[in-house]
2 protein chains.
Amino acid sequence: MNISEEHRKAGKGMPDLSGLITKEEVFEKLFAAWSFKPQIEETAVADALGRTLADDLFAKYDQPVVRASRMDGIAVKSAAFAGGMPDTSLWKPNVDYIRADTGDDFDDAFDAVIQIENVTILENGGVTLAEGTTVEKGSNVSPAGSNIRKGTQVGRAGKVISPLDMAAFVLGGYGTVKVYKKPVIAFIPTGSELVPAGSILERGQNFDSNSIMVNAMLERMGAEVLLYPIIKDDREQIEKALKEMISKADVVILNAGTSKGGEDFCVQYLREHGNMLFHGVKAVPGRPMSITIIDEKPVINMSGPAVGAYYGCLWLMTKVIDHMLAHTEPVYIPTAEATLTEKYGAPPFLSALSSFELSRAEDGTLLATPIPGRGPGSRGMSAGLMADAHYYNQLGEASHEAGDKIKVILAK
Amino acid sequence: MNISEEHRKAGKGMPDLSGLITKEEVFEKLFAAWSFKPQIEETAVADALGRTLADDLFAKYDQPVVRASRMDGIAVKSAAFAGGMPDTSLWKPNVDYIRADTGDDFDDAFDAVIQIENVTILENGGVTLAEGTTVEKGSNVSPAGSNIRKGTQVGRAGKVISPLDMAAFVLGGYGTVKVYKKPVIAFIPTGSELVPAGSILERGQNFDSNSIMVNAMLERMGAEVLLYPIIKDDREQIEKALKEMISKADVVILNAGTSKGGEDFCVQYLREHGNMLFHGVKAVPGRPMSITIIDEKPVINMSGPAVGAYYGCLWLMTKVIDHMLAHTEPVYIPTAEATLTEKYGAPPFLSALSSFELSRAEDGTLLATPIPGRGPGSRGMSAGLMADAHYYNQLGEASHEAGDKIKVILAK
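Residues numbered from 1 in each chain as written. Chains lettered and ligands numbered in written order. Predicted model: local features only at pLDDT ≥ 70, side-chain atom pairs only at ≥ 80, totals over all residues. Heavy atoms only, no water.

(A) Structural view of the pattern of salt bridges. Considering all chains together, one arrives at 25 salt bridges over all chains under this definition. Of the charged contacts, one joins A:Lys159 and A:Glu329 as a salt bridge, the two residues approaching to 4.0 Å between their closest N and O atoms. Highlighted residues: A:Lys159 in the loop between β10 (153–155) and α3 (163–171) and A:Glu329 in the loop between α7 (306–324) and β21 (335–340), separated in sequence by 170 residues. Assessed through its relative accessible area of 10%, A:Lys159 is described here as buried. On the accessibility criterion, A:Glu329 (29% relative accessible area) is partly exposed. Among the salt bridges present, the one from B:Glu41 reaches B:Arg51, with a minimum N-O distance of 2.6 Å. Here B:Arg51 lies in the loop between β1 (40–44) and β2 (57–58) and B:Glu41 lies in strand β1, a separation of 10 residues in the sequence. (Salt bridge = Lys/Arg side-chain N within 4 Å of Asp/Glu carboxyl O. Helix = DSSP H or I, 4+ residues; strand = E, 2+ residues; numbered from the N terminus. Buried < 20%, exposed > 50% of the residue type's maximum accessible area, 1.4 Å probe, protein only.)

The following block contains the structure:
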């Protein structure tokens, strides 16, 4: 690939696209060259939030197991009411009737419940019932299985487990469930200029914000992250880190060094040591991304600048993790429909991440105002990190007018 | 309050609403009787995901601090190009030019960058530049602050911290940030019939699914949860648990025993020991809820059945936690706009949680099909736990026709 030569020929206006593949082609190449079968492990339901269920689950019990009172009251024998209202004033507790509150089971001798508000319990243990009280077999009684029936599906394999799912599993009779083991993703931040969060910043230095951000994003998606310390643009350090992480992780993200800089040993090393599936994708920021298969594992060389790494996690890593966890529904990314306050433009030949400020119209409509990436009104290259929301166009989709509705990704 | 008498008079059709207050009135009463000021603590940015930021944060440094090359290339002195293209064949490295890759700062002697693809470095150290190469002071150089300007706001107090926020804080120069301490919410599951998750279920028993579900929901909202073990419907046990939890937590949820059963000591105890703000709310399931202030802390007596507890967390606990964490934006609850496939009805005098199955139309539209709560097609009282989505009507809002769009709460 020779981006530069083409670029020069094409002049400054049109970015060079030769050698770049589409996101769809990235997935085709990646999943043709690599597949991953998640391992299964058992976990307590209480610890299963956000994990991916590996089994279809069905309720083990009818509930109520036998019956339950539908209200607070007394359980009675309906046969006693066959000839109309009986004389209940000499009824004996636990013989002719028994207390039964909402959800209570009671002895099989009784088969109906009278609501407590219609009952006065007398000093001798007998009762008075309110006028008009009627009793039939089964009245105010929930039969077996009326809350949940044995065999009801309470969980689907491939689903990310929510709090409500956890309740369904417990009601299904499960104390533990089988889940997929978290895929292990290593993240190696490279760059001689990088310093860790909270350092005193000197000229020529940049903060490593990607380690913290990517770690949080990947953990939220369901992965376990191995964070490697910052390493310099040094062939030996990169080689050592890559070897170690490829041996320990299922997928490795090598961050920065994606292009042709004098110190970009990463690309060089990857070409020499594995099968580079592609170098360059029609997605900006983060265009010079590559994926190389080394020891049957994908090494993703992801763009260094923060917004590029963010976008790479959004469009690529979500699908990589869906694949690794055999998700039946994709990783959840919060979105909302918003109305553009201004025209928004994107290059139709690239899938470009754009940034928006959100606000509310008087009638509550969500409004999205584009934040210019460059030129007048631009807020610096990191403006994307401070944005309320993002949007990326599909290839061929160029612009939207003020008043158009777009589905933005909620960033914050 | 005498629900039963009214109910009897009103007949079976119309549920009794006397003594019930609206959700809005619940918040008015609660926040008039109780207020909470969150404590502040410091945490590493790396550990701040999902926490609530307590300070406005502004970037500490211009970035780049001085300058950065905008591309891989060589840094040169623009003055050398004042009279047109100079003879560069005898240029000396580190004197007339210096390597500068994307993001690199370089010595103040240089002030412009030439893209590496337009440069051939000769064996003697001199260079050849591509035809047409032009150089001006500052070309291909990002000036100080062009990535992020000192003083740019990188965080807002009251915001729940996202991965992107974490990147913004790091770029702002922060290694640690001030966050609100997690409010401590105790959850006490009561019920002689309750057994823990995974037990062998016998007749008369129910699984305690609320502890696990409510714990997960509240933790996701940003609280720390103290889970009390299951206790019996026993006045002494309830009293002991309440005393202990009121002393340790900021808010106590006493689960079940909300109504008038013979064993519902909870309501009795609360009335006797604190200021019960209300008992009964126009929200179903979970109508018999009460809140009592004891030792200046709210004790929320929440409905026992699982769907009632879920709904109580959704409408009440989200706002309680927003209040306790001084949120400037509410706890995030995933929602989506869906088109009804059938008429959906709700009682206009109660805010009722309804359950839906979701599917996709051929054109991708999200479709919501109501799951009947009772009667034909009903799937048992726990169907709400297995639903894909929920919706609750506002008071006065009764029904929607097939084809109407509603904003459903994504349950799973």
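Now, onward.
(B) Examining helix α3 (residues 163–171) of chain B more closely. Residues and elements named next belong to chain B. Across the 9 residues of α3, 9 count as buried, placing the element largely inside the fold. Buried within α3 we find Pro163, Leu164, Asp165, Met166, Ala167, Ala168, Phe169, Val170 and Leu171. A positive backbone phi angle near 100° is found at Gly173, which sits one or two residues after α3.

(C) How the structure looks around the interface of chain A and chain B. In this assembly, 82 residues from chain A lie in contact with 82 residues from chain B. Counting the surface lost from both chain A and chain B, the interface buries some 6600 Å², and carbon and sulfur atoms represent 61% of this. Interface area lost by chain A to chain B is led by A:Leu164, A:Arg203 and A:Lys412, which between them contribute 11%. Connecting chain A to chain B are 4 salt bridges. Between A:Asp108 and B:Arg203 there is a salt bridge whose closest N-O contact spans 2.9 Å. When contributions to the side of chain A that touches chain B are tallied by element, the ones reaching two or more residues are α1 (3–10), β10, α3, β14 (206–207), α4 (210–221), α7 and α8 (383–386) of chain A. For the side of chain A that touches chain B, a count of residues per class yields 35 nonpolar, 26 polar and 21 charged. (Contact = heavy atoms within 4.5 Å. Buried area = accessible area lost by both parts, 1.4 Å probe. Nonpolar A, V, L, I, M, F, W, Y, C, P; charged D, E, K, R; others polar.)

(D) Summary view of the sheet that holds strand β6 (residues 112–115) of chain A. All names here are of chain A. Strands sit in the order β5-β4-β6 across an open sheet of 3 strands; the sheet is antiparallel. Looking along the sheet, the strands with just one partner apiece sit at the ends: β5 (97–100) and β6. The sheet shows a mean angle of 35° between the axes of neighbouring strands, taken without regard to direction. In the sheet, strand β4 (residues 73–76) pairs with β6 via 4 bridges, with the strands oriented antiparallel. Bridging across to β6, Val76 finds its partner in Ala112. (Pairing = 2+ DSSP bridges. Axes fitted to C-alpha atoms, helices over the stretch in contact; angles between N-to-C directions.)

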